[in-house]
There are 2 protein chains.
Amino acid sequence: MKTSFSIRKAEATDMSSVLNLIQELATFEKEPDAVIVTEQDLIQHGFGQDSLFTCFVAEVGHQIVGMALGYPRYSTWKGPTLHLEDLIVTNSFKGKGIGRALFSAFIAFGHEQGVKRIEWAVLDWNTSAIDFYTRNGALVFDDWQVVQMDEKAIHQFISKSQN
Amino acid sequence: MKTSFSIRKAEATDMSSVLNLIQELATFEKEPDAVIVTEQDLIQHGFGQDSLFTCFVAEVGHQIVGMALGYPRYSTWKGPTLHLEDLIVTNSFKGKGIGRALFSAFIAFGHEQGVKRIEWAVLDWNTSAIDFYTRNGALVFDDWQVVQMDEKAIHQFISKSQN
């Protein structure tokens, strides 16, 4: 049975549903307690002055069942690029082409903006996602590693530097 | 012999030197022909309206010998973060503490901005950089892979979607 859905740009009132999707992905990625962002944060950061991201949502009827969220980045080799931070479809609506439609909307958005590259990250065990991306012309690089300093590490680094 | 240097925020007039450093890094990373950005691009993207990045430079006398360049990102789990795109010291001035000073200036900048995380990527064979980062409290993740669609792949994807 075909599921009818539509894709549109998110509005501030969608952020409650979007946060539920973010939480669902964190649980899927085995980090259920990692989400500290609130609905108010998402509204302020996405729809206030100097918006930090652009979000698309997928709707079935009036239910938000998926989202794609990203923001500009900059390559010192190529110029302006776009980063896809999250692409999420709620579990019960997977396998219906909604993820592909969200992905297409995001790529079309990057194309309209004239960016030189669209980029994202994927967990190496998520082979179905990797297959989907490579089938659609993306390159997967296994020689880059992601490095992060969290708030605590930043504070410790600053404290040490001042001693 | 100690080399005296200073760190400051870059100005548009520094972009010619910054581009030389970018080209030097591309050569070090075995991709000498990958840089298509021009000095004019860097001036427009970094110092025009809606600046896409912030850059710090290291100076010895009036010579630019290093740079750190980054921009905001957004974590749907944590909130606003900062990305370090490039940290470069010209080869003849390596080993004098200039890289560490640029890195410190960038971390301090993130701390002032109150970001939840500072992140970047490193090539897995660049073990001296990885050692430096982990010594300073960063975590290196080897389970994330970087995925990219370049302009050509974006165009092909859009063309196929329209058929």
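Preceding this paragraph is the structure being described.
Rules and cut-offs
- Residues numbered from 1 in each chain as written.
- Chains lettered and ligands numbered in written order.
- Predicted model: local features only at pLDDT ≥ 70, side-chain atom pairs only at ≥ 80, totals over all residues.
- Least-squares fit on C-alpha atoms with pLDDT ≥ 70 in both.
- Core = buried A, V, L, I, M, F, W, Y, C linked by C-beta atoms within 7 Å.
- Buried ≥ 20, exposed ≤ 12 C-beta atoms within 10 Å, placed from the backbone.
- Helix = DSSP H or I, 4+ residues; strand = E, 2+ residues; numbered from the N terminus.
- Contact = placed C-beta atoms within 7 Å.
- Axes fitted to C-alpha atoms, helices over the stretch in contact; angles between N-to-C directions.
- Parallel < 35°, antiparallel > 145°, perpendicular 65-115°, else oblique.
- Left-handed = near helix turned anticlockwise from the far one by under 90°.
- Nonpolar A, V, L, I, M, F, W, Y, C, P; charged D, E, K, R; others polar.
- Pairing = 2+ DSSP bridges.
- Expected span 1.5 Å × (residues − 1).
- Right-handed = clockwise from strand over helix to strand, strands pointing away.

Another point: the relation of the copies chain B and chain A. Overlaying chain B on chain A yields an RMSD of 0.0 Å, the required transformation being a rotation through 180° with an accompanying axial translation of 0.0 Å. These values place the two chain copies in the arrangement generated by a two-fold rotation axis.

Of all hydrophobic cores here, the largest spans 39 residues; its most connected members are Val18(B), Cys55(B), Phe56(B), Met67(B), Ala68(B) and Leu102(B). Among the elements of the structure, α5 (151-162) of chain A together with α1 (15-28), β2 (54-60), β3 (63-75), β4 (79-89), α3 (98-113) and β5 (117-123) of chain B are those that each provide at least two residues to this core. Once you skip the residues sitting within four places of it in the chain, Leu102(B) turns out to touch Ile7(B), Phe56(B), Ala58(B), Gly66(B), Met67(B), Ala68(B) and Leu87(B). Of all hydrophobic cores here, the second largest spans 38 residues; its members include Leu69(A), Leu84(A), Trp120(A) and Phe157(B).

Another aspect to go through is unusual backbone geometry. At Lys30(A), a residue that is not glycine, the phi angle is positive and equals roughly 70°. Within the secondary structure, Lys30(A) sits in the loop between α1 (15-28) and α2 (39-47). A positive phi angle, near 55°, is found at Asp50(B), a position not held by glycine. On the secondary structure map, Asp50(B) appears in the loop between α2 (39-47) and β2. For Asp50(B), a count of 7 C-beta atoms within 10 Å puts it in the exposed group.

What follows covers the packing of α1(A) against α2(A). Residue and element names in this part refer to chain A. Contact geometry of α1 with α2 gives a least axis separation of 9 Å together with a crossing angle of 115°. As far as their axial angle goes, α2 and α1 are roughly perpendicular. As for the relative orientation of α1 and α2, their crossing is right-handed in sense. Residues Met15, Ser16, Val18 and Leu19 of α1 lie in contact with α2, whose contacting residues are Glu39, Leu42 and Ile43. Broken down by class, the residue content of the contact of α1 with α2 amounts to 5 nonpolar, 1 polar and 1 charged.

Attention shifts here to the interface of chain B and chain A. Accessible area lost on assembly of the parts is the figure often given for the size of an interface. Between chain B and chain A, the residue contacts involve 60 residues of the former and 60 residues of the latter. Classifying every residue of the side of chain B that touches chain A by side-chain character gives 34 nonpolar, 13 polar and 13 charged. In this structure, strand β7 (residues 144-150) of chain A lies alongside strand β6 (residues 139-141) of chain B, joined through 3 bridges in antiparallel fashion. Bridged to Gln148(A) within β6(B) is Leu139(B).

Okay, α1(A) next. All names here are of chain A. If you check α1, its first and last C-alpha atoms are 20 Å apart, about what 14 residues at 1.5 Å a residue would give, namely 20 Å. Met15, Ser17, Val18, Leu19, Leu21 and Ile22 are the residues of α1 that are buried. Contacts made by the buried residues of α1 are with α2, β2 (54-60), β3 (63-75) and β4 (79-89). Remark: Lys30 follows α1 within two positions and exhibits a positive phi of approximately 70°.

A few words now on the sheet that holds β2(B). The strand order across the open sheet formed by 7 strands is β1(B)-β2(B)-β3(B)-β4(B)-β5(B)-β7(A)-β6(B), and the pairing between neighbours is mixed. Each edge of the sheet is formed by a strand with only one pairing partner; in this case those strands are β1 (6-9) and β6 of chain B. Neighbouring strand axes in the sheet, compared pairwise and without regard to direction, differ in orientation by 25° on average. Where β7(A) and β5(B) come together, 7 bridges link them in antiparallel fashion. If you follow Val146(A) over to β5(B), its bridge partner there is Ala121(B). Packing of α3(B) onto the sheet brings it into contact with β1, β2, β3, β4 and β5 of chain B, and relative to β3(B) it is tilted by some 35°.

Another point: the sheet that holds strand β5 (residues 117-123) of chain A. With mixed pairing, the 7 strands of this open sheet are ordered in space as β1(A)-β2(A)-β3(A)-β4(A)-β5(A)-β7(B)-β6(A). If you trace the sheet from one side to the other, it starts and ends with β1 (6-9) and β6 (139-141) of chain A, each paired once. Recorded for the sheet is a direction-independent mean angle of 25° between the axes of neighbouring strands. Where β2(A) lies against β3(A), 7 bridges are found, and the strand directions are antiparallel.

Moving on, we come to the packing of helix α3 (residues 98-113) of chain A against helix α5 (residues 151-162) of chain B. The N-to-C vectors of α3(A) and α5(B) enclose an angle of 125°; their axes lie 10 Å apart at closest approach. Relative to α5(B), α3(A) is oriented oblique. Taken as a pair, α3(A) and α5(B) cross one another with a handedness that is left-handed. For the pair formed by α3(A) and α5(B), the contact residues are Ser104(A), Ile107(A), Ala108(A), Gly110(A) and His111(A) on the first element and Ile154(B), Phe157(B), Ile158(B) and Ser161(B) on the second. Per-class residue counts for the contact of α3(A) with α5(B) are 5 nonpolar, 4 polar and no charged.

All names here are of chain B. Summarising burial for β4: 8 of the 11 residues are buried, a large majority. Relative to β4, β3 runs antiparallel, the two sharing 10 bridges. Following the sheet pairing, Leu69 is matched in β4 by Asp86. The antiparallel pairing of β3 with β4 creates a hairpin that spans 3 residues between the two strands. In the classification by handedness, the crossover that spans β4, the intervening α3 and the parallel β5 is right-handed.

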